[in-house]
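Notes for the structure review
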Amino acid sequence: MRFVSVRDLNTKPKEVWDKAKESEVIVTSNGKPIALITAVTEATLERQIQALRRSRALMALEDMQKIAAERGLAGWSDERVDALVAGNKRHFAVEGPGVRVLSPAELIRRSRCGGSIA
């Protein structure tokens, strides 16, 4: 991985794009990471987007599990989780082929048994 500043991205874009063809490039602002540039092709674009989304979902799930453990909620039964979720449901509009929405209770169940959330 290579790091480039926003300034370098603006003043030397060709160099940054050339670096991105070789490996991931982290864009920084004031020394802090703000973006990731990675090479894609038409053939790999959809798979890479799916992988990124899966990775973000897994990170969110791990964060929720950590918070649950810290708060002493990790031992809750499925029934207790279902009751909590049922009392606090929000409605989401989801579009697109092959898109599935898992309830928080289902996410928790799958994470307990090592199942896939994708």
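1. With respect to the overall build of the chain
Secondary structure assignment for the chain yields five helices and three strands. In the chain, the succession of α and β elements from N to C terminus is β-α-α-β-β-α-α-α. Looking at the 118 residues of the chain, the share that counts as buried comes to 13%. Pairs at least 24 apart in sequence give 27% of the contacts found in the chain among residues at least 6 apart.

2. Notes on unusual backbone geometry
For N30, which is not glycine, the phi dihedral falls at a positive 55°. By the secondary structure assignment, N30 is in the loop between strand 2 (25–29) and strand 3 (32–37).

3. Observations regarding the sheet that holds strand 3
Spatially, the three strands line up as an open sheet ordered 1-2-3, and their pairing is mixed. Single-partner strands in this sheet number two, and they are strand 1 (2–5) and strand 3. For this sheet, the mean inter-axis angle between neighbouring strands, taken without regard to orientation, is 35°. In this sheet, strand 2 lies alongside strand 1 in parallel orientation, the contact comprising four bridges. Note on strand 2: the bridge partner recorded for S5 is T28. Contacting strand 1, strand 2 and strand 3, helix 2 (residues 13–22) runs over the sheet at an angle of about 160° to strand 1.

4. Some thoughts on the environment of A35
Residue position: A35 is located in strand 3. A C-alpha to C-alpha distance of 9.6 Å links A35 and V6, two positions 29 residues apart in sequence. In this structure, A35 is in contact with V25, I26 and V27, ignoring residues within four places of it in sequence.

5. So, the nonpolar core
With six residues, the main nonpolar core is built from V4, V16, A20, V25, V27 and I37. The set of elements that each furnish at least two residues to this core consists of helix 2 and strand 2. With near-sequence residues (within four places) excluded, V16 lies in contact with V4, D8, L9, V25 and I37.

6. A closer look at the layout of surface pockets
Quantified by volume, the second largest pocket comes out at close to 280 Å³. The element that contributes the greatest number of residues to the lining of the second largest pocket is helix 3 (residues 45–70), accounting for eight residues. Classifying every residue of the lining of the second largest pocket by side-chain character gives seven nonpolar, three polar and one charged.

Calculation notes
Throughout, residues of each chain are indexed from 1 in the direction in which the sequence is written. Local features are withheld for residues below a pLDDT of 70 in this predicted model, meaning they are given only at 70 or higher, and side-chain atom pairs are given and counted only at 80 or more; totals for whole chains, interfaces and linings count all residues. Note: side-chain values were computed over all heavy atoms of the structure, leaving out hydrogens and water. Counting from the N terminus, the helices are DSSP H or I runs at least four residues long and the strands are E runs at least two residues long. Relative accessibility under 20% of the residue-type maximum defines a buried residue, over 50% an exposed one, and the middle range a partly exposed one, all with a 1.4 Å probe and only protein chains included. Throughout, a contact is declared for two residues whenever any of their heavy atoms are within 4.5 Å. Two strands qualify as a pair provided that DSSP identifies no fewer than 2 bridges between them. Axes, fitted as lines to C-alpha atoms, cover a helix only where it is in contact. Angles between the N-to-C directions of the axes lie from 0 to 180 degrees. Here, nonpolar core means buried Ala, Val, Leu, Ile, Met, Phe, Trp, Tyr and Cys residues that are tied together by side-chain atoms lying within 4.5 Å of each other. For cavity detection a 1 Å grid was placed over the protein atoms alone, and a set of points counts as a cavity when a 1.4 Å probe fits there but cannot get out; an open set counts as a pocket when protein lies on both sides within 12 Å along at least five of seven lines, with lining residues being those that have an atom within 4 Å of a point. Grid points are joined across faces, edges and corners, and a volume is the space filled by probe spheres set on the points. In this count, Pro and Cys sit with the nonpolar residues alongside Ala, Val, Leu, Ile, Met, Phe, Trp and Tyr, while Asp, Glu, Lys and Arg are called charged and the others, Gly among them, polar.

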